[in-house]
Amino acid sequence: MIIKCLGHACFTASDGKHTLIFDPFLTDNPEAVVSADEVVADAVLPSHGHSDHLGDAIPIAKRLGVPIVAPYELAMYCNRFGAEVVPLHIGGGTDMRFGRVKLTFATHGSAVVTDDLIEYTGPPCGFLVTMSGQTLYYSGDTGLFGDMKLIGETTPIDVAILPIGDNFTMGIDDAVIAVEFLKPKAVVPTHYSAFEPIQKDPNEFAEKVASKGVKCVILPPGEAAEF
Ligand code: NI
Ligand code: MN
């Protein structure tokens, strides 16, 4: 599986045949390495309604004619604007052309916030995606939660993409505990550089997880790695 960071929490995962895009916030993303008009994917997976995650999901899905896979309420929000959707909910999964997607719990908020309205879009989620025999855990924005241990016990994870930026999500030390719970073969940190309140050093995280025997791959915007 090839994982690429497109800036902030936007990542693609590809097995060579299919590509998924997670949290496609590209327009107004100070780190974006591509525009929303250029990306190509077979499905769009927004973890929650916040603008730095839902981002360009709707226009990308509509342009490409591919589905948005999201928690029910967020999926219905996207469907209202004409996007094809695959609504799921926490703990449920479905088999798709490219593999299996299961939604996981995340402890965070989920709303589309505009100048005059906060429209709640159900609970946020994480994604467990299995493609070509490998499993990616994209946690989405979340604090540390004990059931990560359950995920780690029940699901062999090849790569986990976890936030480390603190303020809105886990910080470095909690993310290290998350790694201990999840036991992934490798971890990619995210959500630590695009905005002022979340500036953190991914090398500090990398050193701390290395001491636990887990490989950390830092992916600056535009860089990819094969797992
Ligand atoms: Ni958020
Ligand atoms: Mn965020």
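Bear in mind that the values here come from a model prediction, so they are computed numbers and not experimental data.

A.B. asks: Help me understand the coordination of the manganese ion (ligand 2), please; the structure alone is not making it clear to me.
C.D. replies: Ideal geometry at a metal centre gives angles of 109.5 degrees when four donors are arranged tetrahedrally and 90 or 180 degrees when six donors are arranged octahedrally. Listed as protein donors to the manganese ion (ligand 2) are Asp52 (OD), His53 (NE2), Asp141 (OD) and His191 (NE2); their distances from the metal cover 2.1 to 2.3 Å. When the donor residues of the manganese ion (ligand 2) are listed from N- to C-terminus, their spacing reads D-H-x87-D-x49-H. Taken as a pair, the manganese ion (ligand 2) and the nickel ion (ligand 1) lie 3.2 Å from each other and share Asp141 as a ligand. Separated by 89 residues along the polypeptide, Asp52 in helix α1 (residues 51-54) and Asp141 in the loop between β12 (134-138) and α4 (148-154) bring together distant segments of the chain.

A.B. asks: I tried to follow the coordination of the nickel ion (ligand 1) on my own but got confused; where do I start?
C.D. replies: Listed as protein donors to the nickel ion (ligand 1) are His48 (NE2), His50 (ND1), His108 (NE2) and Asp141 (OD); their distances from the metal cover 2.2 to 2.3 Å. Around the nickel ion (ligand 1), the four donor atoms sit at angles spanning 89 to 178°, and that spread fits a shape best called irregular. Binding-site remark: the nickel ion (ligand 1) is held by donors from one chain whose sequence spacing is H-x1-H-x57-H-x32-D.

A.B. asks: I tried to follow the pattern of salt bridges on my own but got confused; where do I start?
C.D. replies: Pairing between side chains of opposite charge can happen when the charged atoms of each approach one another. For the structure on display, the rule yields six salt bridges. In this structure, Lys208 and Asp173 form a salt bridge, with 2.8 Å as the shortest nitrogen-oxygen distance. Taken as a pair, Lys208 in helix α6 (residues 202-210) and Asp173 in helix α5 (residues 172-182) lie far apart in primary sequence, 35 residues in all. Classification of Asp173 by relative accessible area gives partly exposed; the value is 48%. Of the charged contacts in the structure, one is a salt bridge between Lys208 and Glu204, with a shortest N-O distance of 3.0 Å. Here the residue Lys208 and the residue Glu204 both occupy positions in helix α6, the gap between them amounting to four residues, near one helical turn. By relative accessible area, which is 29% here, Lys208 ends up partly exposed. Owing to a relative accessible area of 34%, Glu204 belongs among the partly exposed residues under this scheme. Beyond isolated ion pairs, a larger network of salt bridges with shared partners links Asp173, Glu204 and Lys208.

A.B. asks: When you look at the side chain of Asp42 in this model, what are you seeing that I'm missing?
C.D. replies: Secondary-structure assignment places Asp42 in the loop between β3 (19-22) and β4 (43-45). Salt bridges are absent for the buried Asp42, whose nearest opposite-charge side chain, Arg97, sits at 4.2 Å. Leaving out residues up to four positions away in the same chain, Asp42 has contacts with Lys17, His18, Thr19, Val66, Pro67 and Arg97.

A.B. asks: I tried to follow the sheet that holds strand β15 (residues 215-216) on my own but got confused; where do I start?
C.D. replies: Sheet strands associate in pairs through backbone hydrogen bonding, adopting either a parallel or an antiparallel arrangement. Read across the open sheet, the seven strands follow the order β7-β8-β11-β12-β13-β14-β15; overall the sheet is mixed. Only two strands of the sheet have a single partner each, and these edge strands are β7 (93-96) and β15. Where β7 and strand β8 (residues 99-104) come together, four bridges link them in antiparallel fashion. By the bridge assignment, Gly93 is partnered in β8 with Lys102. Along the sheet, α5 contacts β12, β13 (159-163) and β14 (186-190); its crossing angle with β13, the most-contacted strand, is approximately 155°. Sitting on the sheet, α6 is in contact with β14 and β15, with an inclination near 155° to β14.

A.B. asks: How should I be thinking about the nonpolar core in this particular structure?
C.D. replies: Soluble, globular proteins show a tendency: their nonpolar side chains are buried together. Membership of the largest hydrophobic core comes to 28 residues, with the highest contact counts inside it found for Phe22, Leu45, Val101 and Phe127. For this core, the element with the most residues is strand β11 (residues 126-131), which contributes three residues. In contact with Phe22, other than residues within four places in its own chain, are Ala9, Cys10, Phe11, Ala13, Leu45, Phe127, Val129, Leu136 and Tyr138. Counting 24 residues, the second-largest nonpolar core is a separate cluster that includes Tyr137, Ile151, Ile172 and Phe205.

Rules and cut-offs
- Residues numbered from 1 in each chain as written.
- Chains lettered and ligands numbered in written order.
- Predicted model: local features only at pLDDT ≥ 70, side-chain atom pairs only at ≥ 80, totals over all residues.
- Heavy atoms only, no water.
- Donors = N, O, S within 2.8 Å, 3.2 Å for Na, K, Ca; no water.
- Helix = DSSP H or I, 4+ residues; strand = E, 2+ residues; numbered from the N terminus.
- Tetrahedral: all angles 85-135°; square planar, octahedral: opposite > 155°, others 65-115°.
- Salt bridge = Lys/Arg side-chain N within 4 Å of Asp/Glu carboxyl O.
- Buried < 20%, exposed > 50% of the residue type's maximum accessible area, 1.4 Å probe, protein only.
- Lys, Arg positive; Asp, Glu negative; His and termini not counted.
- Contact = heavy atoms within 4.5 Å.
- Pairing = 2+ DSSP bridges.
- Axes fitted to C-alpha atoms, helices over the stretch in contact; angles between N-to-C directions.
- Core = buried A, V, L, I, M, F, W, Y, C linked by side-chain atoms within 4.5 Å.

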